[in-house]
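Structural overview for review
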Amino acid sequence: MSDSNGSNAPPQPIECRAWVAYEPKKPLKLETVIVDPPQKGEVRVKICYMALCHTDAYTLGGLDPEGLFPSILGHEASGIVESVGEGVTSVKPGDHVIPCYQAFCDACKFCLSRKTNLCGSVRQWTGNGVMKNDSQSRFTVKETGKKIYHFMGTSTFAEYTVVHEVSCAKIREDADLESVCLLGCGVSTGLGAVWNTAKVESGATAAVFGLGTVGLACIEGLVHAGAKRIIGVDIDAKKFEAGMKWGCTECVNPMDHEGRPIQEVIVEMTDGGVDYSFECIGNVEVMRSALECCHKGWGESIIIGVAASGQMIQTRPFQLVTGRVWKGTAFGGFKSRVDVPKLVDRYMNKEIKLRDYITHQMQFEDLNKAFDLLHEGKCLRAVLKAMPEK
């Protein structure tokens, strides 16, 4: 194997900075960590840009049943391969890549089914915060010698990270790494929920609950699909401007209809309900509203948001007996290593937005400040520069 300089010397441990989450509901701590060399089937990546997603805040908030501490969070990023482990063939040092929390091995039962983008090849290990080869972490805090868990198989809140090869999507080198990092989660998830999971057809009607990055990406996907009516739903009216800019035909604030379920309002607005709805929040009550605003006989509701641990969804069975469908989606149904490079191509061809979602450009040192902006609802995506590309 070669290191990033093209020599035959085996990769060595790297000392770098990383943001460590030591416990829930506490600010991250900037630490110097040792990142071990990649082992068999692994790739060590220099992170150039990283974005902050609500899932990171969800885990830091103690709401994630798989949330492990201490850990290095982060799952939306872009970077450059620094070194590879034994047997890695799909990427090499110097390649531009997007780490993907949703792996794609093209060999497991899930991948071979062609029915899902869920992959079982490394899930058992990524869910436990370790790497498959030896069930150990590749991160150690320099000062204390303490091992730190991985997060979602990506751990991108670090200047260097180690990921499984099956979670590493190689992309074209002329793509802007700052923009395409968003394809690691939010934008891909919203677009794919519309295109892959719902398969929205031209002329359809839709409601999108939650006008953050994922919701706006759903709206963008709906516009591309030719939806004739797109209703944005949010309790923050300040988000309506972005919703209309992205392509909503109208926006509704449930707070303006207190005492009346928002699903009733939407059913009345649309002569029976929408063809498709998308829940982009992770609130089980909103999930019910999203289902029940769908049209009897054919309406489909797609759950995208992740609810807190232990939460249950409910509706009257008659809602489903009369033809409504409840579906969920992860990473928008995209097969990461195959489809993410294609999404990059679409961005380069000016077919999809990316830069419009970036409301804040920040430095690596500003991550806790970025979390504050996210909680205050003041940003869509904050992108932080981690390491120089050259």
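Shown above is the structure to which this text applies.
Residues numbered from 1 in each chain as written. Predicted model: local features only at pLDDT ≥ 70, side-chain atom pairs only at ≥ 80, totals over all residues. Heavy atoms only, no water.

**Focus on the overall build of the protein**
Defined as follows: Secondary structure elements follow DSSP: runs of H or I of four or more residues count as helices, runs of E of two or more count as strands, with numbering from the N terminus. In this description the radius of gyration comes from C-alpha coordinates, and the expected globular size is given by 2.2 Å times residues to the power 0.38. Classification of residues uses two cut-offs on accessible area relative to the type maximum, computed with a 1.4 Å probe and protein chains only: under 20% is buried, over 50% is exposed, and between them is partly exposed. Whether two residues are in contact is decided by their heavy atoms, any of which lying within 4.5 Å being enough. Note on areas: Shrake-Rupley with a 1.4 Å probe; residue coverage comes only from the protein chains shown. In this tally, Asp and Glu contribute negative charge and Lys and Arg positive charge; neither His nor the terminal groups of the chain are included. Every charge is mapped to an atom, namely NZ of Lys, CZ of Arg, CG of Asp or CD of Glu.
Each helix and strand in the protein was counted, giving 12 helices and 17 strands. Relative to a compact globule of 390 residues, whose C-alpha radius of gyration would be 21 Å, the protein shows 21 Å and is just as compact. The dimensions of the protein, computed from C-alpha atoms along their principal axes, are 70 × 40 × 35 Å. Out of the 390 residues in the protein, the part that is buried amounts to 56%. Expressed as a percentage of contacts within the protein between residues at least 6 apart in sequence, the contacts between residues at least 24 apart total 71%. Summed over its atoms, the accessible surface of the protein is roughly 16,400 Å², and 51% of this surface lies on carbon and sulfur atoms. Between the averaged position of the 43 positive side-chain charges in the protein and that of its 47 negative side-chain charges there is a distance of 4 Å.

**Things to note about the sheet that holds strand 1 (residues 14-20)**
Rules: When DSSP finds two or more bridges between two strands, those strands count as paired.
Judged by pairing direction, the sheet is antiparallel, and its four strands sit side by side in the order 1-2-6-7 without closing on themselves. Every interior strand has two partners, whereas the edge strands, strand 1 and strand 7 (147-148), have only one. Sheet topology places strand 2 (residues 29-35) next to strand 6 (residues 139-141); three bridges connect them, and they run antiparallel. Across the sheet, residue Ile34 finds its bridge partner in strand 6, namely Thr140.

**Describing the pattern of salt bridges**
Spelled out, the test is: Counted as salt bridges are all cases of a side-chain nitrogen of Lys or Arg within 4 Å of a carboxyl oxygen of Asp or Glu.
On inspection of all chains with the given rule, the structure shows 26 salt bridges. Of the charged contacts, one joins Lys327 and Glu300 as a salt bridge, the two residues approaching to 3.5 Å between their closest N and O atoms. A residue pair is termed long-range when its members are at least 10 positions apart, and Lys327 in strand 15 (residues 325-328) and Glu300 in strand 14 (residues 300-303) qualify at 27 residues. Judged by relative accessible area, Lys327 falls into the partly exposed class, the value being 31%. By relative accessible area, Glu300 is classed as buried at 17%. Salt-bridge contacts for Glu351 lead to Arg346; the nearest nitrogen and oxygen are separated by 3.0 Å. The exposure class assigned to Arg346 is partly exposed, which follows from its relative accessible area of 28%.

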